[in-house]
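Coordinates in review
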Amino acid sequence: MSETNDLFPLFVKLSQVNTLLVGGGKVGLEKATALLTNDPAAVLTIVAREACAELKAFIQAFPQVVLEERPFRLTDLDGRGLVICATGNPPLNDEIRAATRERHLLLNIADTPDLCDFYLSSVVRKGHLKIAISTNGKSPTLAKRLRELFTEILPDDMDGLLEHLHTLRDKMKGDLPEKIRRLDQLTRMLLEDLP
Ligand SMILES: C[C@@]1(CC(=O)O)C2=NC(=C\c3[nH]c(c(CCC(=O)O)c3CC(=O)O)Cc3[nH]c(c(CC(=O)O)c3CCC(=O)O)/C=C3\N/C(=C\2)[C@@H](CCC(=O)O)[C@]3(C)CC(=O)O)/[C@H]1CCC(=O)O
Ligand SMILES: NC(=O)c1ccc[n+]([C@@H]2O[C@H](COP(=O)([O-])OP(=O)(O)OC[C@H]3O[C@@H](n4cnc5c(N)ncnc54)[C@H](O)[C@@H]3O)[C@@H](O)[C@H]2O)c1
């Protein structure tokens, strides 16, 4: 029997959702990079006993990011929307798992699928176009490879196409089914030009 991928993808506005990252080692740096490259205005607090030099250097470019070098405490969860944990500390993972469940907060514990409410995805970015890839946790390396493949084959000027479609969409009058029919037709023609 084949398993299905039941994960529901969302595109989250990190500038409006207060995120806590616990842990500031190599994996913490990867997660901070994923958050801040997608949204440089992400509201992010990092709590780590000791943050690595690379993380400290990286967050310099993001003045809104708060780094507190001290042990995690439960009050760190106050006012958060998302929590990401990258400490490699199993008892702490369990404590944060229980506390976030009580507070109805969404939690990702890096590299520990069983304890996650959500996974981070591999992200293809071409201007306004963003494609998130999930392998249902089966192979993050394949997700990374597919990101590289799509980044290579999609044209860099996707923004030109999207702006054009946006202008046309705003100009179109008439009833919705007719608008959808015309946009379907137009995008079919435009996408035929892609490699
Ligand atoms: C996509 C990406 C996003 C991101 O992290 O930003 C991401 N992992 C990335 C890379 C990566 N991670 C690992 C390697 C080493 C090779 C390997 O082990 O495969 C590489 C490859 C590399 O770095 O080259 C180690 C690893 N990761 C997980 C486990 C545990 C397990 O599988 O049980 C272990 C073993 C740990 C150990 O053995 O100790 C688990 C998860 N990793 C996920 C996301 C979630 C599932 C996403 C999906 O559905 O595919 C999930 C379930 C939870 C989560 O962490 O959110 C990012 C690629 C970004 C990009 O480049 O595009
Ligand atoms: N990198 C690996 O080889 C490896 C192997 C197995 C699992 N992992 C997973 O990777 C993650 C961590 O990896 P890493 O390489 O970044 O580890 P790391 O040891 O470099 O970093 C751990 C970070 O967590 C912080 N930390 C630990 N306890 C804390 C506490 N009580 N309060 C606040 N901060 C605390 C440390 O100060 C540090 O910043 C974990 O999710 C772990 O399950 C990694």
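So, how was this worked out
Residues numbered from 1 in each chain as written. Chains lettered and ligands numbered in written order. Predicted model: local features only at pLDDT ≥ 70, side-chain atom pairs only at ≥ 80, totals over all residues. pLDDT = per-residue confidence, 0-100. Near = placed C-beta within 6 Å. Helix = DSSP H or I, 4+ residues; strand = E, 2+ residues; numbered from the N terminus. Nonpolar A, V, L, I, M, F, W, Y, C, P; charged D, E, K, R; others polar. Pairing = 2+ DSSP bridges. Axes fitted to C-alpha atoms, helices over the stretch in contact; angles between N-to-C directions. Core = buried A, V, L, I, M, F, W, Y, C linked by C-beta atoms within 7 Å. Buried ≥ 20, exposed ≤ 12 C-beta atoms within 10 Å, placed from the backbone. Contact = placed C-beta atoms within 7 Å. UniProt positions renumbered as here; feature names shortened; annotations may be inferred.

Here's the deal with the confidence of the model for the protein chain
When pLDDT is averaged along the protein chain, the result is 94; 98% of the residues meet or exceed 70. At the level of chain-chain contacts, confidence expressed as ipTM amounts to 0.93, with global pTM at 0.92.

Looking at the site of ligand 2
Around ligand 2, the surrounding shell holds 22 residues, and the nearest of these are Gly 23, Gly 25, Val 27, Arg 49 and Gly 88. Put simply, the parts of the chain that give the shell around ligand 2 at least two residues each are helix H1 (26–38) and strand S2 (44–48). The element contributing the most residues to the shell around ligand 2 is H1, with three residues. Looking at the shell around ligand 2 residue by residue, the classes come out as 10 nonpolar, eight polar and four charged.

Re the sheet that holds S2
Taking strand neighbours across the sheet as the criterion, the five strands line up as S3-S2-S1-S4-S5 in an open arrangement whose pairing is parallel. If you trace the sheet from one side to the other, it starts and ends with strand S3 (66–69) and strand S5 (106–109), each paired once. In this sheet, adjacent strand axes meet at a mean angle of 15° when their direction is disregarded. Bridge analysis of strand S1 (residues 19–22) against S2 gives four bridges, and the strand direction is parallel. Of the residues in S2, the one forming a bridge with Leu 21 is Ile 46.

Focus: the nonpolar core
By size, the foremost hydrophobic cluster in this structure holds 26 residues, and its most contacted members are Leu 21, Val 22, Ile 46 and Cys 85. Elements represented by at least two residues in this core include exactly S1, H1, S2, helix H2 (53–59), strand S4 (82–85) and S5. Ignoring sequence-local partners within four residues, the contact set of Cys 85 consists of Val 22, Gly 23, Asn 93, Ile 96, Leu 107, Ile 109 and Ala 110.

What about the pairing of strand S6 (residues 122–126)?
Summarising the sheet, S6 and strand S7 (residues 129–133) pair through five bridges and their orientation is antiparallel. Of the residues in S7, the one forming a bridge with Val 124 is Ile 131. Hairpin geometry of S6 and S7 is characterised by an intervening segment of two residues between the two adjacent antiparallel strands and by a positive phi of about 60° at Gly 127.

Focus on the UniProt feature "domain: Siroheme synthase central" (unreviewed entry) in the protein chain
Under the UniProt annotation, "domain: Siroheme synthase central" (unreviewed entry) lies at residues 127–149. As annotated, residues 127–149 comprises 43% helix and 22% strand, and the C-alpha atoms at either end are separated by 17 Å.

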